[in-house]
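# Residue-level structural notes
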2 protein chains.
Amino acid sequence: MFYYRYMAVIAYDGANYYGFEKQNDLPTIELSLNSAFFNWLGEEVKVVGSGRTDRFVHAVGQTIHFDLTKKLKTEVIQKALNSFLPIDIRIIEVKLVDSDFHARFKAIKKEYHYLINKKDNDVFKERYTAYYYNLDLEAMRQGIAYLIGKHNFRSFSSIHTNQLKSFERTIYNIEIKEDQDLIIFKFIGDGFLKYQVRRMMGLLIEIGKGKFKADYIKYILNLEDPKVCQYIAPGKGLYLYKVYYE
Amino acid sequence: MFYYRYMAVIAYDGANYYGFEKQNDLPTIELSLNSAFFNWLGEEVKVVGSGRTDRFVHAVGQTIHFDLTKKLKTEVIQKALNSFLPIDIRIIEVKLVDSDFHARFKAIKKEYHYLINKKDNDVFKERYTAYYYNLDLEAMRQGIAYLIGKHNFRSFSSIHTNQLKSFERTIYNIEIKEDQDLIIFKFIGDGFLKYQVRRMMGLLIEIGKGKFKADYIKYILNLEDPKVCQYIAPGKGLYLYKVYYE
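Residues numbered from 1 in each chain as written. Chains lettered and ligands numbered in written order. Predicted model: local features only at pLDDT ≥ 70, side-chain atom pairs only at ≥ 80, totals over all residues. Heavy atoms only, no water.

Between chain B and chain A, the contact holds 21 residues from the first and 21 residues from the second. Counting the surface lost from both chain B and chain A, the interface buries some 1,500 Å², and carbon and sulfur atoms represent 66% of this. When the buried surface of chain B facing chain A is broken down by residue, Asn-121, Val-123 and Phe-124 of chain B rank first, second and third, together holding 45% of it. Scanning the region where chain B abuts chain A turns up 0 salt bridges. Across the contact surface, chain B and chain A share 0 residue pairs in polar contact (both at pLDDT 80 or more). Elements with a contribution of two residues or more to the side of chain B that touches chain A: β1 (4-12), β3 (58-68), α2 (74-84) and β4 (89-97) of chain B. By residue number, the principal contributor to the side of chain B that touches chain A is β4 of chain B, which donates 4 residues. Tallied by class, the residues present in the side of chain B that touches chain A amount to 12 nonpolar, 4 polar and 5 charged. (Contact = heavy atoms within 4.5 Å. Buried area = accessible area lost by both parts, 1.4 Å probe. Salt bridge = Lys/Arg side-chain N within 4 Å of Asp/Glu carboxyl O. Polar contact = N/O pair within 3.5 Å; in protein donor to acceptor, adjacent residues only side chain to side chain. Helix = DSSP H or I, 4+ residues; strand = E, 2+ residues; numbered from the N terminus. Nonpolar A, V, L, I, M, F, W, Y, C, P; charged D, E, K, R; others polar.)

Below you can see the structure in the form of structure tokens.
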């Protein structure tokens, strides 16, 4: 059957969700999107995301694609979905794309941000940042240098991920920016393994606390073993910021 | 019985609460404070706030006072309460004060902030700002000029508030600040009537939209009648920012 393929950029506050991917009836982003389509069109529409995000993880620019049998104006699709979606999930943009576009397989780069709040008892950032103080950013910068480039990141992936063809990924850049009480870590790479950003951040935070020297990152990286080091930064500080396509 | 009086500065994310004041078993800030004291000390401790805040309204610096029969270190009180309070209510500071201190009656000035977000579909600010676009800030600034000073603010109070001795209040200053997508309105006065800030903001927003000229504020103010104009800005944009004492 002929269909029209659309891609959408979506943002969500992950605080109330068990991640992107559907897990039966648990509140997830995918389930909310499915319900919105069903309530709007009266039929099921399959949604394909650029990848999963974990529980509590946010998105500024997650991407999805889906197929509709009718050609609708992109603004109509955006408005309709937003009216059926909960307020903490928003469709930012909808585009008609080629029928071979794929939110996951056509992605060439992904950008994640990780937000650390230096201020304690900050009720308004509690859901949106991880709180750490007195981090040695210079040591963290040194640690970051070992992560940039093409590496086997198995040491920073999920222990349960074994069946992947390759654990090689390329990190193009990691940047640290300070903005008032916030420290923002920006990761850009060709793709990230499950838990990779949170586990890299987890170890970087330990380096920032002075628990390890910066070159401990290199040591862990070279072991290519997810069991040796399992610091994992809280999901609530992580944002899928942007997914890049050709 | 002899007691030690303490004052505390507290912050809260009002999104999950029916305001400050206890209303049976509804989730309120006061109820949460009462529960925290009871769970910590095994006894009831009466909490007196500087004033109520409405449903969804936030606080950066609400103040309370309470009496304890034992003299405890202020850091101990802060830590204990924070460990029993939900994460969206935080004790920022505790001070031992004179026994005649009173969070409400000794307050000499209050500062409220109102946050407007110019960006649509901003999931991370949805609970913390009101969304309006294309507001004419210059017209709003002109409207603000009519509010500053000593006035009878009955036109901007709750329709149900009749038994007050006086509706006269003094606004010392109202300031507009822009910060990226946010417009921040800062109100400082000797006190505010129920709904006053939200109703002043409500009318200012209508002026910003071009629905009324700025001097309509003066007209409404002079009527001294809460029934003639009932625009009320959403609670979620309002913050009790600071309570001042001698």
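Turning our attention to the side chain of Ser-50 of chain B. All names here are of chain B. Structurally, Ser-50 can be placed in the loop between β2 (48-49) and β3. A polar contact of 2.6 Å, which involves the side chain of Ser-50, links it to the side chain of Gln-62. The contact partners of Ser-50, leaving out residues within four places of it in the chain, are Gln-62, Thr-63, Ala-103, Arg-104, Lys-110, Leu-240, Val-243 and Tyr-245.

Of the positions making up helix α2 (residues 74-84) of chain A, those classed as buried are Ile-77, Gln-78, Ala-80, Leu-81 and Asn-82 of chain A. The elements touched by buried residues of α2 of chain A are β1 (4-12), α1 (29-41), β3 (58-68) and β4 (89-97) of chain A. (Buried < 20%, exposed > 50% of the residue type's maximum accessible area, 1.4 Å probe, protein only.)

To continue, consider the pattern of salt bridges. In this structure the tally under the stated criterion is 24 salt bridges over all chains. Notably, a salt bridge pairs Arg-198 of chain A with Asp-54 of chain A, separated by 2.9 Å at the nearest N-O pair. With Arg-198 of chain A in helix α4 (residues 196-208) and Asp-54 of chain A in the loop between β2 (48-49) and β3, this residue pair connects regions lying 144 residues apart in the sequence. Judged by its relative accessible area of 13%, Arg-198 of chain A falls in the buried class. Judged by its relative accessible area of 10%, Asp-54 of chain A is buried. Arg-5 of chain B is the partner of Asp-67 of chain B in a salt bridge, and the nearest nitrogen-oxygen pair spans 2.7 Å. In this pair, Asp-67 of chain B is assigned in strand β3 and Arg-5 of chain B in strand β1, connecting sequence segments 62 residues apart. Taken together, the shared-partner salt bridges in this structure form one network comprising Arg-52, Asp-54 and Arg-198 of chain A.

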